[in-house]
Amino acid sequence: MNRLAQAVVLLLFGGAILRASFTDLYLRYVKEGLRPFLIGAGLLLVAAAVMTIWYSLRGGGAGHEEHDGHAEHDDDDDGHGHHEPRVGWLLILPVLGLLLVAPPALGSYAAGQAGTVAAAAPASGSDYPPLPAGDPAPIGLLDYASRALFDSGRSLTGRTLKLTGFITPAPDGKPMLARMVLSCCAADGRPIKLGLAGKAPNEVPADTWVEVVGVYTAQKGKDPVNDAEVAYLEVSSWQEVPQPKQPYA
Amino acid sequence: MPPSNASPEAIDWSAAPDNGPPGKPAPRPERRIGSLEVLAALLVLLVVFRDFVAGLVSGAALQTWTTVFVSVLVQAVPFLVFGVVLSAVIAVFVPRSFWAKALPKHPALAVPAAGMAGVVLPGCECGSVPIAGSLIRRGVTPAAALAFLLAAPAINPIVLTATAVAFPGKPEMVIGRGVASLVVAVAMGWLWLRLGKAEWIRMPRRPDLDDMSRARAFWAACRHDVMHAGGFLVLGAAAAATINVVVPESWLQRLADQPVLSVLALAALAVLLSICSEADAFVAASLSQFSLTSRLVFLVVGPMVDLKLIAMQTGVFGRRFVWRFAPATLATAILVGSGFGVVLL
């Protein structure tokens, strides 16, 4: 791959990163906090491409031409040195992935493969903070599961709750409400799953985003994938909603 | 680097004659199809068949694969670029004499010093590979650069904080991770001093930076390292995404109860999953059915040996090096990690 072609690949790669971070595309793959670094990295890649093009078009005096084959210290027995530049072609793949394919956020397939996230005990051993105001009160899946499993739902009783997630089928075919939890990028995404009792959305296809309204129930189950406890929600009503801008919890 | 006679077949990427600068005598009169033309044709085809390409990626498993593949890369890009820029700075702006002064003269002492230097450089493993490569080029003893390579991603403040957050109320996990990783890094550096051979390391040819202006050399080094390390990162991300999709977690369940097997299983998982060192503590925390010792091994192995790193190290240091270095590091990490686990946890 010659330098101009490399510059084009760099330009596309940096451009794809910039485009993903200026739209909300990047939120499908990484956490929101990475955005400034993505923009910085994208700008640097574009700058490297522009400088490469500039230097090769300007040509620099003939005496300043880069001698890339220069520093070869010994002759190759395995042809290793020969392949290296070609590996740069692979950088077209992420460009393709970001600009043409733009795969969706992780959904029920990934949720079904991994065990549910273990609910967390309240910080510093104190009680859970009171639920947010509103009727129904909005609450995250992980927060609900923690309160339900560690606190026997004491901070949940008496309130109507509203949760948003996507539908993923449990091994027995019943729908569960799930959301993927990211700590860094989608590669470490793990699901938080809730069982649904009462008027559960039974006929909805997997991966449909729903907003369910319901109340705490003491019913518990087990996620067969990792034997972790799964909290349940007694559903009173639900409706389909579009996928939120921030698909991960 | 003494200029040697450049063998003609070696110049296959920079010296494509048809795109040479104007004024350079063209060795061949007729235009050959160069990589720029291939690239242009490829891009046109991709845009024309855009829907077809997007349609190929349907089906839940393949879609998940693509998501994980793209996200590993997006996550790694800032760290890769940071590492590449820092390594270009080392290559261009830091004089060789600096390293002789900064590190202890005796190699055996330089190793722990370089390992400790890793503590202050926050970054993912993707960044430390090009930095270590640049250090070796600038005359730092390979043993010290390797200790840095292993230590930097594992024991920097960001990673240790993430570990503390993922394992609340278990500070011994943080201490175990930090100390065990440092021990492995220093041990590998010393092992290299005893057994390592310089000819195992084959750095890729890089544009000869010495007779260029500094700005030009800086951008040439950046370009070269991004293309290079980035290409191998793509390979590693593809492997990691495949493992992520193909290996369901329920397979691991059966191994969790057996002390030795669970350690080996999680070490293997750390190698295969190739999770960023800043995130692996959260994954370890969620593998709650496994013993703390096996999870500590997961945390020690992950930042030092994984598919993504093996691919990148192959690119930067060469195949003969990685064959020896990766398995040796893996074995050391498993032994040291389980040792600390038994004592501490």
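What this report covers is the structure whose coordinates are included nearby. Per chain, the residues get numbers from 1 upward, laid out in the order the sequence is written. Labels follow written order: the first chain is A, the first ligand is 1, and so on. In keeping with the predicted nature of the model, local features appear solely for residues at pLDDT of at least 70, side-chain atom pairs appear and are counted solely at 80 or more, and the whole-chain, interface and lining totals rest on all residues. Side-chain descriptors were evaluated using all non-hydrogen atoms of the structure, hydrogens and water having been removed beforehand.

### Regarding a nonpolar patch on the surface
All names here are of chain B.
- Among the surface-exposed residues, I175, V179, V183, V342, V343, L344 and L345 lie close enough to one another that they form a single nonpolar patch of about 590 Å² accessible area.
- Taken together, the elements giving at least two residues each to the nonpolar patch come down to α9 (171–195) and α16 (319–344).
- Looking at the element boundaries, L344 is found in helix α16.
- Relative accessibility decides the category of a residue: with a 1.4 Å probe and only protein chains considered, values under 20% of the type maximum give buried, values over 50% give exposed, and everything between is partly exposed. L344 gets classed as partly exposed once you look at its relative accessible area, which sits at 35%. A residue counts toward a patch only above 30% relative accessible area and without a salt bridge, and it is joined to like-charged neighbours within 9 Å or, for Val, Leu, Ile, Met, Phe, Trp and Tyr, to nonpolar neighbours within 5 Å. What sets the accessible areas is the Shrake-Rupley method with a 1.4 Å probe; for residues, cover comes only from the shown protein chains. Each salt bridge in this description consists of a side-chain nitrogen of Lys or Arg and a carboxyl oxygen of Asp or Glu lying within 4 Å of one another. Elements are defined by DSSP. Helices are runs of H or I of four residues or more, strands are runs of E of two residues or more, and each kind is numbered from the N terminus.

### Overview of the pattern of salt bridges
All names here are of chain A.
- This model, assessed by the stated rule, comprises four salt bridges over all chains.
- D143 serves as the salt-bridge partner of R147, at 3.0 Å between the closest nitrogen and oxygen. Taken together, the positions of R147 and D143, both in helix α6 (residues 141–150) and four residues apart, correspond to about one turn of that helix.
- A relative accessible area of 2% means that R147 is categorised as buried.
- Exposure remark for D143: the relative accessible area of 31% places this residue in the partly exposed category.
- K193 is paired through a salt bridge with D223; the nearest N and O atoms lie 2.9 Å apart.

### Digging into the packing of aromatic side chains
- Pairs were defined over the aromatic rings of Phe, Tyr and Trp, the Trp ring being its six-membered one, requiring ring centres within 6.5 Å. Orientation was assigned from the angle between planes: stacked under 30 degrees, edge-to-face over 60, tilted for the rest. Considering all chains together, one arrives at ten aromatic pairs over all chains under this definition.
- Centroid distance W65 of chain B to F69 of chain B: 5.1 Å. Interplanar angle 10°. Geometry classified as stacked. Separated by four residues within a single helix, W65 of chain B and F69 of chain B lie in helix α3 (residues 60–92), roughly one turn from each other.
- A ring pair is formed by F321 of chain B and F325 of chain B, whose centres lie 4.8 Å apart and whose planes are at 20°; its orientation type is stacked. Of this pair, F321 of chain B and F325 of chain B are both found in helix α16, four residues apart, which corresponds to roughly one turn of the helix.
- When its relative accessible area of 0% is taken as the criterion, F321 of chain B is described as buried.
- An aromatic cluster is built from W192, W200, F317, F321 and F325 of chain B, whose rings are joined through pairwise contacts.
- In this structure, R58 of chain A packs its charged tip against the face of W54 of chain A, placed 4.6 Å from the ring centre. Sitting over a ring, as applied to charges here, requires NZ of Lys or CZ of Arg to be within 6 Å of the ring centre and within 35 degrees of the ring normal.

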